[in-house]
Amino acid sequence: MTAWRDTIHNLRQRDCYLCHQPLHPLDDFCCETCINWCRPLPHCQRCGLLAAGNPTQCGRCLSEPPLWQQLTAISHYAFPLDRLVAQFKQHQPGLAKPLAQWLAAKIDSPAELLLPVPMHWRRRLERGYNQSDLLAHELGKQLRIPVARHWLKRTQHTAPQQTLARKARLSNVKTAFMANAPPQPLPRHVAIVDDIVTTGTTVATLCKLLSKQKIERIDIYCLCRTPPPK
Ligand SMILES: [Zn+2]
Ligand SMILES: [Zn+2]
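Residues numbered from 1 in each chain as written. Chains lettered and ligands numbered in written order. Predicted model: local features only at pLDDT ≥ 70, side-chain atom pairs only at ≥ 80, totals over all residues. Heavy atoms only, no water.

### A short note on the sheet that holds strand β5 (residues 189–197)
The line we're drawing: Any two strands are treated as partners once DSSP identifies two or more bridges connecting them. Helix and strand definitions here come from DSSP, where helices need a minimum of 4 consecutive H or I residues and strands a minimum of 2 consecutive E residues; each element is numbered from the N-terminal end. All axes are obtained by fitting lines to C-alpha atoms, using only the stretch in contact for helices, and the reported angles, taken between N-to-C directions, cover 0 to 180 degrees. By the convention used here, residues are in contact when the closest approach between their heavy atoms is within 4.5 Å.
As summarised here, the arrangement of the 4 strands in space is β1-β6-β5-β2, forming an open sheet in which the pairing is parallel. The sheet is open, and its two edges are formed by β1 (70–76) and β2 (113–116), each paired on a single side. Sheet twist, expressed as the average angle between the axes of neighbouring strands with direction ignored, equals 20°. Pairing geometry for β2 and β5, over 4 bridges, is parallel. Paired with L115 across the strands is I192, a residue of β5. Along the sheet, helix α4 (residues 81–90) makes contact with β1, β5 and β6 (217–225), crossing β6 at roughly 105°.

See the structure below:
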């Protein structure tokens with residue numbers, strides 16, 4: 001009996017993705033210490049940027065309201081979440097499932113439909129997968145909501161946003177997307193799914209395309225929120 005239990009234990013023995021210490025059988029993919037490191041700091045519920053007291057809207061959002069209602073992220077782009085997200089984007093598509101589970105637990109009133117940020121087919125070919133698409137797929141399974149893959153489309157192969165300065169980011173994505181005919185019946189509440197939101201230019205461009213439809217509410221679901229570069 002003991003041997004049998006040892007075998008099961010060994011089969012289930014996995015290491016934490018971040019610190020590589022053995023995981024407790026109940027832990028999913030990160031140990032409790034690492035999960036605790038990823039606790040978000042107080043932030044604005046709308047734009048996701050740091051703000052004391054977790055306000056529904058911060059001063060920036062009041063003076064210049066974003067085109068979305070709420071942004072939900074696991075945490076900020078800081079150690080150790082930054083490493084995990086980098087692994088997911090570069091070579092570990094399998095991380096989509098645990099990351100989606102983690103994110104799903106933070107979503108209070110899920111949208112009716114998920115819209116992954118589209119990737120140009122050339123980049124998809126280079127990378128082998130669209131991380132936002134994988135994330136939306138797993139999130140959809142967790143929250144039991146459908147994913148719309150063909151509503152939004154990327155028509156231009158642009159430079160990665162992270163490599164550009166703010167001004168260049170704006171012109172980089174302005175004309176990079178288009179919207180196909182919306183699904184019918186039109187959902188009232190949708191969420192755009194992205195891996196990292198930095199300046200918010202990409203998601204804002206997509207919100208603008210969606211705003212031509214009578215959608216009541218657009219939310220953003222992302223793995224992490226990072227402040228825009230100065
Ligand atoms: Zn750990
Ligand atoms: Zn805000």
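Structure's up, so let's keep going.
### Some points on the nonpolar core
One recurring pattern in soluble globular proteins: nonpolar side chains tend to sit buried together. Definition in use: By convention a nonpolar core is built from buried Ala, Val, Leu, Ile, Met, Phe, Trp, Tyr and Cys residues, the set being connected through side-chain atoms within 4.5 Å. Under the scheme applied here, a residue whose accessible area is under 20% of the maximum for its type counts as buried, over 50% as exposed, and between as partly exposed, the area being computed with a 1.4 Å probe on protein chains only.
Counting 34 residues, the largest nonpolar core has L81, L84, L99, W102, L139, Y221 and L223 as the members making the most contacts within it. Contributions of two or more residues to this core are made by α4, α5 (96–104), α7 (131–143), β5 and β6. Per element, the largest residue contribution to this core is 6 residues, and it comes from α5. Not counting residues up to four positions away in its chain, the partners in contact with L81 are C38, I74, S75, H76, W102, L223 and C224. Ranked by size, the runner-up nonpolar core spans 24 residues in total, among them L115, V117, V203 and L206.

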